[in-house]
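What the coordinates show
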Amino acid sequence: MPVPADSVPVKKAKSFPLYRTVAGFVRDPLLQLQRINESADGELVRLGLGASRPYLATHPDHVQQVLRGESENFVRDGVFWRPLNRLMGASILAEGDDWELSKRVLQPVFTTRNVNRLTDLMATAINEAVDRLVAPGGGGRTVDGLPEMSRIVNETVIKVLFGDKISPVESDRLIPAFDQVARSIAFRFLLPFVPRLIPLPGDRAFRAAVKIMDETLFELVDRYRNDPGDGDDIFTVLCGARAAAGSELTDTWVRDNLLAMFATSTETTTLALTWLWPLLNDHPHVATRLYDEIDGVVGTERVRPDHLHRLPYVHQVVQELLRLYPVGWMFPRMATKPTTMGGVPIKPGDAVLISPFLTHRLASVWDRPLEFDPDRFLPENVRGRHRYAYFPFGGGPHQCIGRHVFNVEAQMILTSILSRFRPALARPIPPMPRIGATLRPRTNVELALAPLTGARAS
Ligand code: HEM
């Protein structure tokens, strides 16, 4: 709810100069933010980010005010969103009418009923992708966790995006291009105040990837025009809406939304799953409970969507994973009208940063916040918690529409891997992530995969 301006004494937010040079900021902004967060303990603070001076709002009441109570006032605009807006102008990641139209078209794809229709397709893709973790001859092998998670997630997401409308050759071309685009914009997202004319790392690779992505996507859209077919996949739904709307919607609108969906669905899921392995490695009692549950329910079968209802601990582990590593770690908003937050006046044009990473680590909100403890998500422990103490998927009108897809996908990938392997880290991973648009481990996550039995791992 908006805080009536006259009910709270006017205060000034504490100011923290976050960095003085771009290089310093890029080196370790997260550590600095976490320190500020600890010392402010939920109070609104103002960050000195050079030319830009955003507020940082981490108290659950303030998060609620921005994302829900005053969501029409706090919009996705301003310096932090410009790189994304330029790239996916009229997509579901925009604001106002563009966002509303794309959301109206895409929302029905994400109903529980429709996602459940896609889950068999996802299970097949996941089991086949996990098959490829098996070493030739069926023995154990060591893999680099992040690219392997990325491969499994991409092979699954491409089914949700395109169903059977894309050939293996086309997806082999599109996935690396999509990936490159998503990674390259991270620099612009991190350094939004650097003018476009100043080249940044990744710019050239970005342009080349956009070209490949566009060629492939526009070819697919042309093919749809000649042979629409049907399907519950996102591509078919977007092309159908474009055909029904006539000139009101363009091929570029279809492309913008496909890129937006890929960007929001792959990197997030990949990184969340990558963080799982160091956590399980460091908490063997959690790993043992997972093995026992999965052994009892899945045994030597291939994982199926209907197994998930009988795997409550798998669900808890995934929720706690997103508490410690909410990979959409920060999302900015810009105020459009004057208001107050915790007594501090906010002016139109002011940026307010919301960070699940920081709220999820507040000692005043969470008991033992840095400890990995999936029992926090036992139903009796969830009851009574502030709605915005835990918000890895955001909240309010822009809440992540893919959260059900993520839950099904992540639980099936985790279950499929653990029903066949006993993974162990080849070497420890620093627990503090390196940030870009998402949260990445600082070193490679080398995973030694010991197959359970010859029968399962083949
Ligand atoms: C670990 C996995 C994921 C995380 C942590 C995550 C997080 C988020 C967050 C925090 C937002 C809100 C952004 C904001 O308020 O500005 C969001 C929005 C969104 N997410 Fe996700 N997401 C995940 C997976 C997915 C998946 C799998 C999909 C699609 C299949 C998806 C599609 C979207 C879309 C389209 C939006 C924009 C919704 C709107 O503005 O109306 N996400 N996500």
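Below: a short report on this structure. (Residues numbered from 1 in each chain as written. Predicted model: local features only at pLDDT ≥ 70, side-chain atom pairs only at ≥ 80, totals over all residues. Heavy atoms only, no water.)

Quick look at the overall build of the protein chain now. Along the backbone of the protein chain there are 17 helices and 13 strands. Counting the 458 residues in the protein chain, one finds 57% classified as buried. Partitioning the intrachain contacts of the protein chain with sequence separation of at least 6 by distance along the chain shows that 74% fall at a separation of at least 24. Accessible surface, the protein chain: about 19700 Å² in total, of which carbon and sulfur atoms supply 56%. (Helix = DSSP H or I, 4+ residues; strand = E, 2+ residues; numbered from the N terminus. Buried < 20%, exposed > 50% of the residue type's maximum accessible area, 1.4 Å probe, protein only. Contact = heavy atoms within 4.5 Å. Areas by Shrake-Rupley, 256 points an atom, 1.4 Å probe, with all protein chains shown as cover.)

Moving on, we get to the coordination of the iron atom of the ligand. Among all protein atoms, only C400 (SG) binds the iron atom of the ligand, sitting 2.3 Å from it. Mapping C400 onto the fold places it in the loop between α15 (379-382) and α16 (403-418). (Donors = N, O, S within 2.8 Å, 3.2 Å for Na, K, Ca; no water.)

Let us now look at the sheet that holds strand β10 (residues 421-425). By definition, the strands of a sheet pair up through backbone hydrogen bonds, in either a parallel or an antiparallel sense. If you walk across this open sheet you meet the three strands as β5-β13-β10, and the pairing is antiparallel. The strands lining the two open edges of the sheet, one partner per strand, are β5 (141-144) and β10. Each strand of the sheet is rotated relative to its neighbour by a mean of 30°, with strand direction disregarded. (Pairing = 2+ DSSP bridges. Axes fitted to C-alpha atoms, helices over the stretch in contact; angles between N-to-C directions.)

Moving on to the pairing of strand β9 (residues 351-354). Burial of β9 is two-sided: the residues A351 and L353 facing one way and the residues V352 and I354 facing the other way are all buried. In this structure, strand β6 (residues 331-335) lies alongside β9, joined through four bridges in antiparallel fashion. The residue of β9 that forms the bridge with P332 is L353.

Look at helix α11 (residues 251-282) against α16: their axes get within 11 Å of each other, and the N-to-C directions meet at 40°. Classed by the angle they form, the pair α11 and α16 counts as oblique. Judged by the twist between their axes, the crossing of α11 over α16 is right-handed. Judged by residue contacts, T269, A272, L273, L276, W277 and L280 of α11 engage F406, E409, A410, I413, L414, I417 and L418 from α16. (Parallel < 35°, antiparallel > 145°, perpendicular 65-115°, else oblique. Left-handed = near helix turned anticlockwise from the far one by under 90°.)

Here the focus is helix α12 (residues 284-297). For α12, spanning 14 residues, the distance from its first C-alpha to its last is 20 Å, which sits close to the expected 20 Å at 1.5 Å a residue. Among the residues of α12, V286, A287, L290, Y291, E293, I294 and V297 are the ones counted as buried. On its buried face, α12 sits against α11, α13 (312-324), α16 and β10. Residue G299 follows α12 closely and has a positive phi angle near 55°. (Expected span 1.5 Å × (residues − 1).)

Here we come to helix α9 (residues 203-226). Taking 1.5 Å of rise per residue, 24 residues should cover 34 Å, and α9 covers 35 Å from first to last C-alpha, within 8% of that figure. D203, F206, A209, V210, M213, D214, T216, L217, L220, V221 and Y224 are the residues of α9 that are buried.

Moving on: the environment of S416. Relative to the helices and strands, S416 is located in helix α16. Spatially, the C-alpha atom of S416 lies 9.4 Å from that of D131, the residues being 285 residues apart in sequence. If we skip the residues at most four places from it in the chain, S416 touches I126, N127, V130 and V303.

Turning our attention to the packing of helix α7 (residues 145-162) against α11. Each pair of packed helices can be described by the angle between their axes along with the distance between the axes. Contact geometry of α7 with α11 gives a least axis separation of 9 Å together with a crossing angle of 145°. Crossing hand, α7 versus α11: right-handed. Two secondary-structure elements touch here, α7 through G145, L146, M149, S150, V153, N154, V157, L161 and F162 and α11 through L258, M261, F262, S265, T266, T269, T270, L271, L273, T274 and W277. Split into classes, the residues belonging to the contact of α7 with α11 amount to twelve nonpolar, eight polar and no charged. (Nonpolar A, V, L, I, M, F, W, Y, C, P; charged D, E, K, R; others polar.)

A separate point is empty space enclosed by the protein. Counted by the stated rule, this structure contains two cavities of 30 Å³ or more. Quantified by volume, the second largest cavity comes out at close to 40 Å³. Forming the walls of the second largest cavity are V66, L67, S71, F74, R333, G395, P397 and H398. For the lining of the second largest cavity, a count of residues per class yields four nonpolar, three polar and one charged. (1 Å grid on protein atoms, 1.4 Å probe; cavity = no way out; pocket = protein on both sides within 12 Å on 5 of 7 lines; lining within 4 Å. Points joined across faces, edges and corners; volume = space filled by probe spheres on them.)

The next thing to look at is the pattern of salt bridges. For the structure on display, the rule yields 28 salt bridges. Residue D350 is joined to R46 by a salt bridge in which the shortest nitrogen-to-oxygen separation is 3.5 Å. Placement of D350 in the loop between β8 (344-346) and β9 and of R46 in strand β2 (residues 45-48) is noted, with a sequence separation of 304 residues between them. Given the relative accessible area of 8%, D350 is considered buried. We classify R46 as buried; its relative accessible area is 14%. The residue K165 makes a salt bridge to D164 at a minimum N-O spacing of 3.7 Å. Judged by its relative accessible area of 16%, K165 is buried. The class of D164 is exposed, set by a relative accessible area of 66%. Overlapping salt bridges bring together R132, E148, R151 and E155 as one network. (Salt bridge = Lys/Arg side-chain N within 4 Å of Asp/Glu carboxyl O.)

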